[in-house]
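Inside the fold
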Amino acid sequence: MPEKMHLLAFLMHTPINHMTMSWADPADRQAAGLGSIAHWQALAQTLERGCFDGMFFADVPAVYDHYQDNTDVAIKYGVNWPTHDPVALIGIMAAATRHLGIATTVSLASLHPFLAVRSMSTLDYLSQGRVGWNIVTGNARSEYRAMGLDVVEHDKRYDRADEYMQVCYALWRGILPDAVVADREAGIYADPAKIEKIAFEGEYFRCHATPSVLPSPQGRPVLFQAGSSGRGQRFAVDHADVIFAIQPDLPRMQTFMRKLRETATESGRDEDLRVTFAVQPFIGESLEAAEEKRDSMLAKIPLEAALTRISGTFGVDLDTVDIDKPLQEITTQASQGLVSAMSSMFNDKNITLREAVRLSGLAGLIPQILGTPVQVADQLEEIWRETGCHGFNVTPAIVPGGYEDFVDLVVPLLQRRGIFRTEYDATTLRGNLVG
Ligand SMILES: Cc1cc2nc3c(=O)[nH]c(=O)nc-3n(C[C@H](O)[C@H](O)[C@H](O)COP(=O)(O)O)c2cc1C
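Remember, it's a predicted structure, so these values are computed and weren't measured experimentally. For every chain, the first residue of its written sequence is number 1, and the numbers climb from 1 along that sequence. The model is predicted, so local features are restricted to residues of pLDDT at least 70 and side-chain atom pairs to those at 80 or more, both for listing and for counting; the totals for chains, interfaces and linings are taken over all residues. As a rule here, side-chain values cover all heavy atoms of the structure and leave hydrogens and water aside.

1. With respect to the site of the ligand
Under the convention used in this document: Near, as used in this document, describes a residue that has one of its heavy atoms within 4 Å of the molecule or strand being considered. Think of a polar contact as two N or O atoms within 3.5 Å of one another; within protein, one of them needs to be a possible hydrogen donor and the other a possible acceptor, and neighboring residues in sequence only count if both atoms come from side chains. In these tables, accessible area is a Shrake-Rupley quantity obtained with a 1.4 Å probe, and a residue counts as shielded only by the protein chains included in the view. Here a strand is any run of E in DSSP of at least two residues, a helix any run of H or I of at least four, and the numbering for each starts at the N terminus. Amino acids outside the nonpolar list (Ala, Val, Leu, Ile, Met, Phe, Trp, Tyr, Cys, Pro) and the charged list (Asp, Glu, Lys, Arg) are all regarded as polar, and Gly is one of them.
In the region of the ligand, 17 residues are neighbours, and Asp59, His154, Tyr158, Ala226 and Ser229 sit closest. Between serine 229 and the ligand, the recorded distance is 2.6 Å, taken from a side-chain N or O atom to an oxygen atom. Look at the ligand: alone it shows 610 Å² of surface, and the protein chains cover 83% of it. Those elements giving two or more residues to the shell around the ligand turn out to be strand E4 (131-136) and helix H7 (154-173). Looking at the shell around the ligand, its residues break down into 8 nonpolar, 8 polar and 1 charged.

Shown next as structure tokens:
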């Protein structure tokens with residue numbers, strides 16, 4: 001267990017955060033603020049006031065297209081449509097803060113590693129070492145369709161990603177310390193002998209290049225990963241500084257940590273495992289008030305919108321599945337991943353897929369943490385102590401109000417208990433989050 005809990009805000013550059021239809025809630029400001037630099041900068045400043053390690057953007061670059069085999073329902077309900085590029089927000093939010101880390105998802109599906117390193121490391125350099133990169137292999141069919149590419153099979157995506165990272169590491173380590181001399185009198189900018197040129201010929205990538213972006217104070221961006229299959233977790237323990245996970249409750253979080261530790265041992269990972277679990281807090285004056293808030297939001301989510309979201313996440317068209325059957329009776333080959341995740345989420349209760357999808361409208365499969373600020377702090381502390389996790393990806397339903405409440409009401413409690421920082425230790429994301 002780390003000495004202190006770590007906190008990341010968990011967001012998307014779309015009209016919703018992780019709650020389907022959040023844009024329609026009267027308290028929401030994200031949809032209106034989508035094109036406002038002031039909105040994103042104020043949010044970053046709120047999180048920095050709350051000493052968050054950073055903010056993290058989930059991203060799927062193209063629109064969910066599985067439900068009814070088109071994108072119309074996603075467009076109609078604003079289910080990750082529009083989906084703007086979160087990379088564009090890094091510079092904007094870094095400019096308004098001094099310590100906050102800003103991490104974003106970049107899919108490896110169609111971006112050559114040379115360009116990915118160039119973009120992410122330039123932002124890391126500009127922000128003085130505050131950038132993180134969530135590596136996803138690209139599991140959305142629509143992303144491949146948009147680029148005119150064939151969908152790559154699951155395990156092969158990770159083999160390709162392993163090779164992708166070899167190119168990135170070569171680019172990152174290629175500029176040796178003191179390479180830049182900037183000697184005005186001699187008229188020499190840098191020493192070519194201290195730049196290692198790359199000649200990479202792999203199965204998936206070729207890269208013959210001179211590393212072209214200077215390292216930031218943290219060297220390279222902090223790497224995140226969230227694979228949940230066996231192959232995905234192997235990739236995560238091999239590459240990630242911090243691993244993201246979604247698990248429905250404490251026992252499953254404990255099981256997840258146990259299995260991941262085994263994978264890390266088998267893989268010979270020689271550094272600590274750092275896992276952050278996603279949670280959706282609902283803070284109220286009482287537990288009943290928080291539950292009421294959650295229930296009233298849930299009641300306003302059209303089933304079609306939730307079906308589109310889950311169809312997109314799991315790559316199945318739920319319009320072709322009998323959703324009134326109990327979860328356990330659904331056997332379509334295409335939806336087995338979905339059924340097992342749903343059964344796990346809803347504790348193997350004998351509910352129909354319709355009910356499971358409806359309940360997951362709130363935040364996909366992310367669990368809710370409900371109650372007064374004290375009750376929310378208690379639950380976070382319990383999960384942190386009982387699992388040995390590194391911390392949490394906090395994703396309130398309403399932005400920015402949910403973060404303001406969390407920062408003003410929950411963070412001071414965690415600080416008083418001595419389990420969360422009262423000031424930043426470092427100026428880089430790696431320094432604060434990884435240590
Ligand atoms: C907390 C968390 C965040 C994730 N964020 C993204 C994301 O932003 N974009 C994306 O395409 N996939 C995202 N994923 C999906 C994972 O990258 C991964 O594909 C998924 O967990 C399935 O695991 P597998 O690839 O090992 O089968 C996320 C998963 C988790 C648990």
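What follows picks up the thread again.
2. Considerations on the environment of proline 2
Cut-off, in case you're wondering: Residues are treated as being in contact if the distance between any of their heavy atoms lies within 4.5 Å.
Structurally, proline 2 can be placed in the segment before strand E1 (6-12). Residue contacts for proline 2: discarding those within four places in its chain leaves Trp384, Gly388, Cys389 and His390.

3. With respect to the nonpolar core
Just so we agree on the cut-off: We define the nonpolar core as a collection of buried residues of types Ala, Val, Leu, Ile, Met, Phe, Trp, Tyr and Cys that are connected through side-chain atoms lying within 4.5 Å of one another. A 1.4 Å probe rolled over the protein chains alone gives each residue an accessible area, and that area as a share of the maximum for its type sets the label: buried under 20%, exposed over 50%, partly exposed in between.
Core analysis: the largest hydrophobic core is formed by 82 residues, its most contacted members being Leu7, Phe52, Met55, Trp133, Phe277, Phe392 and Phe406. In terms of residues, this core owes the most to one element, H7, which gives 10 residues. By size, the runner-up hydrophobic cluster in this structure holds 38 residues, among which are Val79, Ile323, Leu362 and Ala397.

4. A look at the pairing of strand E13 (residues 391-394)
Here is the rule we go by: Whether two strands pair comes down to DSSP finding at least two bridges between them.
Sheet analysis places E1 next to E13, joined by 4 bridges and oriented parallel. Residue pairing in the sheet places histidine 6 in a bridge with glycine 391 of E13. Here strand E11 (residues 275-283) runs beside E13; their pairing, made up of 4 bridges, is parallel. From the neighbouring strand, phenylalanine 277 faces E13, where its bridge partner is phenylalanine 392.

5. Topic: the environment of phenylalanine 52
Here phenylalanine 52 is to be found in the loop between helix H2 (37-49) and strand E2 (54-58). Linking phenylalanine 52 and serine 344, residues 292 residues apart in sequence, is a C-alpha distance of 30 Å. Sequence-distant contacts of phenylalanine 52, defined by excluding residues within four places in its chain, comprise Leu7, Leu8, Ala9, Leu47, Leu100, Val394, Phe406, Val407, Val411, Phe420, Arg421 and Tyr424.

6. Observations concerning the pairing of E11
Along E11, 9 of the 9 residues are buried, which leaves the element largely enclosed by surrounding structure. Alternating positions in E11 separate into two faces, Val275, Phe277, Val279, Pro281 and Ile283 on one and Thr276, Ala278, Gln280 and Phe282 on the other, with burial throughout. Strand direction decides the pairing type here: strand E10 (residues 242-245) and E11, joined by 3 bridges, are parallel. By the bridge assignment for E11, alanine 245 is matched with phenylalanine 277. In this sheet, strand E12 (residues 368-371) lies alongside E11 in parallel orientation, the contact comprising 4 bridges. Residue pairing in the sheet places isoleucine 283 in a bridge with glycine 371 of E12.

7. Description of the state of the cysteines
This is how the line gets drawn: Criterion for a disulfide: a pair of cysteine sulfur atoms within 2.5 Å.
Scanning the entire structure with this criterion turns up 0 disulfides. Cysteine 168 carries a free sulfur, and the closest cysteine sulfur to it, the one in cysteine 207, is 9.1 Å from it.

8. A word on the environment of serine 267
When you line up the elements, serine 267 lands in helix H9 (residues 250-267). A residue is classified by how much of its surface remains accessible, and serine 267, at 28% relative accessible area, is partly exposed. Each C-alpha atom of the pair serine 267 and phenylalanine 235 lies 9.4 Å from the other, and the pair is 32 residues apart in sequence. The residues touching serine 267, leaving out its near neighbours within four places in the chain, are Arg234, Val237 and Asp238. A polar contact is formed between the side chain of serine 267 and the side chain of aspartate 238, at a distance of 2.8 Å.

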